[in-house]
Amino acid sequence: MTPLNPALAATFAPPVMEARRWLTGVDFPPDRPLINVSQAAPVDPPPEGLRRAIAEATLTRLEAHLYGPVLGNVDLREAVAAEFSAAYGGSVAAGQVAITQGCNQAFCAAMATLAGAGDQVILPTPWYFNHKMWLDMSGVQAVPLPCGDDMLPDPDHARALIGPRTRAIVLVTPNNPSGAEYPANLVGRFFDLAQEHGLALVVDETYRDFDSRDGAPHDLLTRQDWDATLIQLYSFSKAYRLTGHRVGAIVAGEARLAEVEKFLDTVAISPSQLGQVGAVWGMANLRQWLAGERAEILARRAATEAALGALPGWRLKSAGAYFAWVEHPFAESSADLARRMVRDIGVLALPGTMFTPNDDPAGARHLRLAFANVDADGIAALAERLAALRP
């Protein structure tokens, strides 16, 4: 075999794709269809109005089929700046916004400007596996910051982990995989810590549209010189069901975005033109629709909390946005349990081991259940199947 990049070769396989392979050869009878709580992505297309806007642009906007600006179209960058300024009570300029091919690319681009091989980045655990994968394949050490029993990270613990090669601290709120919503004062303490040590604070808010709290979830964009410390990430995929169009955003200082431009130009040249058309149209026209989507997700969260909170032997640790993080009652590792659940009860979920370091016993004790695509009846059926699971 020809040579392989050892860092890439040592990176674990994509977890969702691995879990899908567990379905091979398993039959699900009509009276007990598969309940899939493995992935947190919308399964329905965007609303018709948004689809029509994209279709019209396909026919009438010839430039939509050509390369665009590397950092994204001006109208979308302006719309994001206006939305974030209003939502957070701060001041964000269009020049402080970059559009990316999804939020995963936003994270990769941000990290490429911050850390190289041998550097360190602090990630709260359980972590979002794609964040860990990118750091691994880049030769950057992910330093685990275990969350407490309330699924919140501790800034004082993070302080003890900072070393000479530390470049950034990453927060995801509402969290993937736990669903936990980080309190504003906690996020603020992490900002202060990062600022004190000259680090970047990367805040991934992919699920901000489904936060249960009203108003701004933090005040970071009101802080003086916020753009010297904060890198904020966002995704249009969940809000407007644009997963297939890959549209995300970075909010950061202009000097950093000049470096981001180098990365993006070598990876995708420019983000999807049609996806950007859809995002602009959605921001202008779907505010009420999105409020309804948020209400439905919050209702499913409440149904999940009620159903799993009453499940004998199981412990619901946290729930929010698209996710529930649960502790199971069995002696076996969640890595084995998740595979067995497909065969025994027709449920596909991801084991906690996919979100934690190999030597972290918490991974073996937990499962992530992505409930956003399961209605109230399906959530009740999920609880019944989990209750029927035997050692």
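What you are looking at is a predicted structure, and each value in this text was computed from that prediction instead of being measured. (Residues numbered from 1 in each chain as written. Predicted model: local features only at pLDDT ≥ 70, side-chain atom pairs only at ≥ 80, totals over all residues. Heavy atoms only, no water.)

A. Inspection of the side chain of N176 at higher detail. By secondary structure assignment, the location of N176 is in the loop between β5 (166-172) and α8 (184-197). Looking at N176, its side chain comes within polar contact range of the side chain of R368, at 2.7 Å. (Helix = DSSP H or I, 4+ residues; strand = E, 2+ residues; numbered from the N terminus. Polar contact = N/O pair within 3.5 Å; in protein donor to acceptor, adjacent residues only side chain to side chain.)

B. Representation of the UniProt feature "domain: Aminotransferase class I/classII large" (unreviewed entry) in the protein within the structure. UniProt's entry tags residues 35-386 with the feature "domain: Aminotransferase class I/classII large" (unreviewed entry), counted in the numbering of this structure. Its end C-alpha atoms 11 Å apart, residues 35-386 is made of 43% helix and 17% strand. (UniProt positions renumbered as here; feature names shortened; annotations may be inferred.)

C. Summary view of the sheet that holds strand β9 (residues 315-320). An order of β9-β10-β13-β12 is seen for the four strands of this open sheet, with the pairing classed as antiparallel. Sheet topology places β9 and β12 (350-351) at the edges, where each strand pairs with a single neighbour. Pairing analysis gives two bridges linking β12 to strand β13 (residues 366-370), with the strands arranged antiparallel. Bridge pairing links P351 to L367 in β13. Each of β9, β10 (323-327) and β13 touches helix α12 (residues 287-309); the most contacted strand, β9, lies at about 175° to it. (Pairing = 2+ DSSP bridges. Contact = heavy atoms within 4.5 Å. Axes fitted to C-alpha atoms, helices over the stretch in contact; angles between N-to-C directions.)

D. Highlighting α8. In a regular helix each residue adds 1.5 Å, so 14 residues correspond to 20 Å; α8 covers 20 Å between its end C-alpha atoms and thus fits that length. Among the residues making up α8, those that are buried are L186, V187, G188, F190, F191, L193 and A194. On its buried face, α8 is in contact with β4 (141-146), α7 (155-161), β5, β6 (200-204) and β7 (230-235). One or two positions beyond α8, positive phi appears at G198, with a value near 70°. (Expected span 1.5 Å × (residues − 1). Buried < 20%, exposed > 50% of the residue type's maximum accessible area, 1.4 Å probe, protein only.)

E. Local environment of the environment of G278. Mapping G278 onto the fold places it in helix α11 (residues 273-285). Between the C-alpha atom of G278 and that of N130, which follows or precedes it by 148 residues, the distance is 25 Å. When residues no more than four places from it in sequence are discounted, the contact partners of G278 are L50, I54 and L242.

F. Fine view of the environment of R51. Secondary-structure assignment places R51 in helix α3 (residues 48-60). With 220 residues separating them in the primary sequence, R51 and P271 have C-alpha atoms 18 Å apart. Not counting chain neighbours up to four residues away, the residues in contact with R51 comprise P45 and P46.

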